[in-house]
Amino acid sequence: MTAFTAKRLPRQTGPAGWNAILPPQPTLPRLEQNTTADITIVGGGFAGLSAARRLQQLDSTLKVVLLEAGRFAEGSAGRNSGFMIDLPHDLASDNYAGDGLEADRATIALNRRAIAFATDVAHDCDLTDETFDPCGKFNAAATRAGDRHNREFAQHLEQLGEPYTLYDRQQMQEITGSPHYTSGLYAPGTVMIQPAGYVRALSSHLAEKIDLFENSPVTAFEKQGSGWLVKTRDAQASTGRIILANNGHLESFGFFEHRLMHICLYASMTEPLTPEQIKTLGGLPRWSVTPADPMGTSVRRISGSYGDRLLIRTCSSFHPTIETSPMRLRNAGWVHDRKFRERFPHLPDVRMEHRWAGMLCLSRNGSTAFGELENGVFSACCQNGLGIARGTLQGMGVAELLTKGGSDIADHFLAQPMPPRLPPEPFASLGANSYLIWKEWRSGKE
Ligand SMILES: Cc1cc2nc3c(=O)[nH]c(=O)nc-3n(C[C@H](O)[C@H](O)[C@H](O)COP(=O)(O)OP(=O)(O)OC[C@H]3O[C@@H](n4cnc5c(N)ncnc54)[C@H](O)[C@@H]3O)c2cc1C
């Protein structure tokens, strides 16, 4: 009998700060009674929820069940920094430029399809710009090397025919209130989301049409006649087909073993700033900065019903076990505090209210884990760090593959080569963690 059992289930470290600052949300049901489905989706992040919505759009007669291990917005989809980016964003590069002009044009066009899909979600869910803001973002530099990366990226955008604006030190201070930045490159196409707000809204909207279950981790699935039996601890779903949208946990079921890199990222969010602190900080009430060096520090200022706050995202570590430790989170927190003081020396009394860690999944060649893995079992995983746009796109693509037999989005992912194997342990961990430490050290003040 063909059967796949989960070797491990997701375990989160620290609260998902974005979710914690929203009002409590009523829980959706767990899967407690056996059910049937045409398609069962495993995982309720960007890929799983987008797949569910796209399936609904393409064939509303399909019975779709979605099983999420934890609560919606408590996984990585609610733990990220909220940059839904249209431009190439190669984390392994020095300046984000991608694989050449033609490839980058194709990437941009596809990312914008994902953004258009999400814009439609925002419209249907009545999201305000607190949750979904098509405001663009800055690549901010803090050193001469960073200024150079920005100029190189600007040249690349010029060749692509993409709009951008360069800002000098004083203009960056007027925008961010921080004296830290020496230059900035603004590109208008990124949408800034409140990730937990977006995921909550999309899951609640979908729950009106399909069967969504949370706190229902899939522990195994096995062949049953011409379909599959998907098992949780309490019940099971007999289903025609399965979409695995569980990102790095695809490997927990034995797929793509030793080919996926499980990277943990860390973030801290301040308590709401007081009116005096807001005045001292200066700058605009909302702005978003990715570092000119991809291994540097992302910073966001948010404002709205959940207060005026600053977010710091930096530090990364490699974990084949797909989970990090509270000690690592504590260590990252010290780095966050230092990065905060460097950027906002005029806000010495501001404390961090939430600190968290979250996993993302990369491959060594930037390929995804997309397509049919077994007869009737599909995957839409491995987003290579850009999961808001790419996870949305993979979800759309896998739904099109199942209902229409293919599409240009599906073809784009299907044409990618297999993620290459990683070296055996402990060499993979030693190599990856040394590389990350070196890249972070090299990014310096960025
Ligand atoms: C701190 C941080 C900052 C980031 N910043 C950005 C950013 O600004 N922009 C960006 O594009 N990306 C960012 N990312 C990456 C982004 O969050 C991920 O790439 C994205 O969440 C991937 O989407 P996904 O739907 O593929 O997977 P996930 O969001 O991880 O969703 C997969 C879901 O599957 C569930 N699952 C796993 N196993 C099972 C099982 N056995 N049964 C049922 N459910 C299961 C998980 O609980 C999870 O909810 C960041 C990540 C982190 C951690």
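Use the structure listed above.
Anyway, here's the lowdown on the structure attached to this text. (Residues numbered from 1 in each chain as written. Predicted model: local features only at pLDDT ≥ 70, side-chain atom pairs only at ≥ 80, totals over all residues. Heavy atoms only, no water.)

Here we take up the layout of surface pockets. What the second largest pocket holds in volume is close to 430 Å³. Along the wall of the second largest pocket there are 22 residues; nearest its centre are Cys315, Ser316, Val335, Ile437 and Glu440. Every element with two or more residues in the lining of the second largest pocket is listed here: β17 (309–318), α8 (326–343) and α11 (427–443). If you tally residues by element for the lining of the second largest pocket, the top one is α8, at seven residues. (1 Å grid on protein atoms, 1.4 Å probe; cavity = no way out; pocket = protein on both sides within 12 Å on 5 of 7 lines; lining within 4 Å. Points joined across faces, edges and corners; volume = space filled by probe spheres on them. Helix = DSSP H or I, 4+ residues; strand = E, 2+ residues; numbered from the N terminus.)

Before going further, it helps to spend a moment on the site of the ligand. As a matter of local geometry, the ligand sits amid 34 residues, with Phe46, Glu68, Phe83, Val218 and Gln383 nearest to it. Here a nitrogen atom of the ligand and a backbone polar atom of Ser81 are 3.0 Å apart. Considered on its own, the ligand offers 990 Å² of accessible surface; in the complex 95% of this is hidden by protein. Mapped onto the shell around the ligand, the elements with two or more residues apiece are α2 (46–58), β18 (352–362) and α9 (387–404). Partitioning the shell around the ligand into residue classes produces 17 nonpolar, 14 polar and three charged. (Near = heavy atom within 4 Å. Polar contact = N/O pair within 3.5 Å; in protein donor to acceptor, adjacent residues only side chain to side chain. Areas by Shrake-Rupley, 256 points an atom, 1.4 Å probe, with all protein chains shown as cover. Nonpolar A, V, L, I, M, F, W, Y, C, P; charged D, E, K, R; others polar.)

Scanning all chains against the criterion turns up one cavity of 30 Å³ or more. There is about 50 Å³ of room inside the largest cavity. Among the secondary structure elements, those contributing two or more residues to the lining of the largest cavity are β6 (137–141) and β8 (183–187). Here the lining of the largest cavity gets three residues from one element, more than from any other, and that element is β6. Among the residues forming the lining of the largest cavity, the class breakdown is five nonpolar, two polar and two charged.

Counting buried residues in strand β15 (residues 287–291) gives five out of five residues, a clear majority hidden from the surface. Here β6 pairs with β15 via three bridges, running parallel. Bridge pairing in β15 places Ala140 opposite Pro291. Direction of pairing for β15 relative to strand β16 (residues 298–302): antiparallel, over a ladder of three bridges. Note on β16: the bridge partner recorded for Trp287 is Arg301. Taking the residues that link successive antiparallel strands as the turn, the β15-β16 hairpin has six residues. (Buried < 20%, exposed > 50% of the residue type's maximum accessible area, 1.4 Å probe, protein only. Pairing = 2+ DSSP bridges.)

Attention now goes to helix α6 (residues 195–207). Between its first and last C-alpha atoms α6 spans 18 Å; for 13 residues at 1.5 Å apiece the expected length is 18 Å, and the two agree. For α6, the tally of buried residues reaches eleven of 13 residues, placing the bulk of the element in the interior. Considered for burial, the residues of α6 that qualify are Pro195, Ala196, Gly197, Tyr198, Val199, Arg200, Ala201, Leu202, Ser203, His205 and Leu206. Contact partners of the buried residues in α6: α1 (17–20), α2, α3 (101–124), β5 (132–133), β9 (191–193) and β10 (211–213). Residue Gln194 occupies the N-cap position of α6, its side-chain oxygen lying 2.9 Å from the main-chain nitrogen of Ala196. (Expected span 1.5 Å × (residues − 1). Contact = heavy atoms within 4.5 Å.)

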